[in-house]
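What the coordinates show
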Amino acid sequence: MTRTIQLAMEPEDTPAWRAVLEKLVPTSGLDLELLPDDPDPGSVDYLVYNIDSGITDFTPYTKLRAILNTWAGVEAVLKTIDWPAHVPFTRMVEPGMTQGMAEYFTGHAMRYHLDIDRFVTDSVEGRWQKWSPPLTSMRTVGILGLGELGIATAGLLRGLGFKLIGWSRSPKDLDGVACHHGADGLRRVLEDAEILVVILPLTPETENVLNAETLAWMPRGACIVNAGRGPLIDDDALLAALASGQIRHATLDVFREEPLPQGHGYWQNPGVTVTPHIASVTRPETACAAILEQIARDLDGKPLLHVVDRNRGY
Ligand code: NAP
């Protein structure tokens, strides 16, 4: 029996996804048909989806077997849409996005570790000033969020020799990472983190996880890289911590409001590097293979991977 796929995403992105799937489906060994744009919803088995498609009502999708989200973060979906309880809704995990995120964090961690900005400033100001950074084995990087992206980041950082300490909701045992969880675990991680990587999902439990109290637990002069979600950080508390020198610098990829509004205290702030939500992106070239793997699992009667848990919020 032929199963069908609909692409439901930003219209400008559809051609790239369609082109890759048109190449992969015929050699996948799966009996699949890629439907044209705007098909009869009642004919769709698999919806490759994000909320920028504008679809919020799944009632017409009477034979849907799965909704395969093209994004990793699902907090907006959980606030906006309600999908049928029997239909699994998965978040995107794909090697291109995972590698891109690990590279983003590693690049910014190395910038802080080597204090590259100091040499940029000295060059511009014509100053010959010797300074040697410690070795990575003398530097502790904290990672908030030990999921797909946090673990991949830990892998790259571990390869460079950093001491790693990490935090998750449930207990973890990871090679080369001192793992902590729960409220006490957060304090333990922040107290040691000279550089902090933040890659948590946004949930009611993680909102404002970095606030005046928790930022004060960090070593004075620590640096932060946040690519999780903007509301993980209390912005006023971070601006105050930057002004006081408690936090030396922050690289922020995600914000409560995006694009970050002009006039926000993060713009033109020498203590902040703003990146415009580009830490990592879903890449159709690698993501389409991940989508077909999920469909193959479903057709084999296996449970889908990375299914969103509405109660957990991620
Ligand atoms: P994931 O695999 O679901 O991992 C999430 C991690 O956060 C898990 O380790 C989880 O703990 C931990 N966590 C969740 N709630 C927690 C809590 N209350 N206390 C402590 N730890 C908690 O997610 P992922 O694929 O790594 O993605 C993480 C987030 O990255 C996404 O939700 C999205 O917001 C963001 N993202 C951003 C970009 C960008 O370009 N800026 C791109 C992709 C993703 P457990 O292991 O115990 O479950």
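Below is a short write-up of the structure.

The rules behind each value
Residues numbered from 1 in each chain as written. Predicted model: local features only at pLDDT ≥ 70, side-chain atom pairs only at ≥ 80, totals over all residues. Heavy atoms only, no water. Salt bridge = Lys/Arg side-chain N within 4 Å of Asp/Glu carboxyl O. Helix = DSSP H or I, 4+ residues; strand = E, 2+ residues; numbered from the N terminus. Expected span 1.5 Å × (residues − 1). Buried < 20%, exposed > 50% of the residue type's maximum accessible area, 1.4 Å probe, protein only. Polar contact = N/O pair within 3.5 Å; in protein donor to acceptor, adjacent residues only side chain to side chain. Near = heavy atom within 4 Å. Areas by Shrake-Rupley, 256 points an atom, 1.4 Å probe, with all protein chains shown as cover. Nonpolar A, V, L, I, M, F, W, Y, C, P; charged D, E, K, R; others polar. Pairing = 2+ DSSP bridges. Contact = heavy atoms within 4.5 Å. Axes fitted to C-alpha atoms, helices over the stretch in contact; angles between N-to-C directions.

If you walk through the whole model with that rule in mind, you get 17 salt bridges. Notably, a salt bridge pairs Asp45 with Arg3, separated by 3.4 Å at the nearest N-O pair. Placement of the pair is Asp45 in the loop between strand E2 (32-34) and strand E3 (46-49) and Arg3 in strand E1 (residues 3-8), with a sequence separation of 42 residues. For Glu75, the salt bridge is made with Arg229, and the minimal N-O distance between the two is 2.8 Å. With Glu75 in helix H2 (residues 75-80) and Arg229 in the loop between strand E10 (222-226) and helix H8 (235-244), this residue pair connects regions lying 154 residues apart in the sequence. Overlapping salt bridges bring together Arg3, Asp45 and Lys63 as one network.

This part is about helix H3 (residues 95-114). Taking 1.5 Å as the rise per residue, H3 with 20 residues should run 28 Å; its terminal C-alpha atoms sit 28 Å apart, in good agreement. Of all the 20 residues making up H3, 14 are buried; the element is thus mostly covered by neighbouring parts of the structure. By the N-cap criterion, in which a side-chain oxygen at the helix start approaches the backbone nitrogen of a residue two or three places on, H3 is capped by Glu94, the distance to Gly96 being 2.8 Å. Positive backbone phi, approximately 50°, marks Asp115, located one or two places after H3.

Next up on the list: the site of the ligand. Close to the ligand lie 29 residues; Arg91, Ser170, Lys172, Asp253 and Tyr314 are nearest. Here an oxygen atom of the ligand and a side-chain polar atom of Ser170 are 2.5 Å apart. Taking 940 Å² as the accessible area of the ligand by itself, protein coverage stands at 93%. Elements with a contribution of two residues or more to the shell around the ligand: H3, helix H5 (148-159) and strand E7 (163-168). The residue inventory of the shell around the ligand, partitioned by class, reads 13 nonpolar, nine polar and seven charged.

Backbone hydrogen bonds hold the strands of a sheet together, and the pairing may be parallel or antiparallel. Taken in spatial order, the five strands line up as E2-E1-E3-E4-E5 in an open sheet, and their pairing is parallel. One side of each edge strand has no neighbouring strand; the edge strands of this open sheet are E2 and strand E5 (89-90). In this structure, strand E4 (residues 66-69) lies alongside E5, joined through two bridges in parallel fashion. Its bridge partner being in E5, Leu68 is matched across the sheet by Thr90. Together, E1, E2 and E3 form the strand contacts of helix H1 (residues 14-24), whose direction differs from that of E1 by roughly 155°. On top of the sheet, helix H9 (residues 284-299) reaches E1, E2, E3, E4 and E5; it is set at about 155° to E3, its chief contact.

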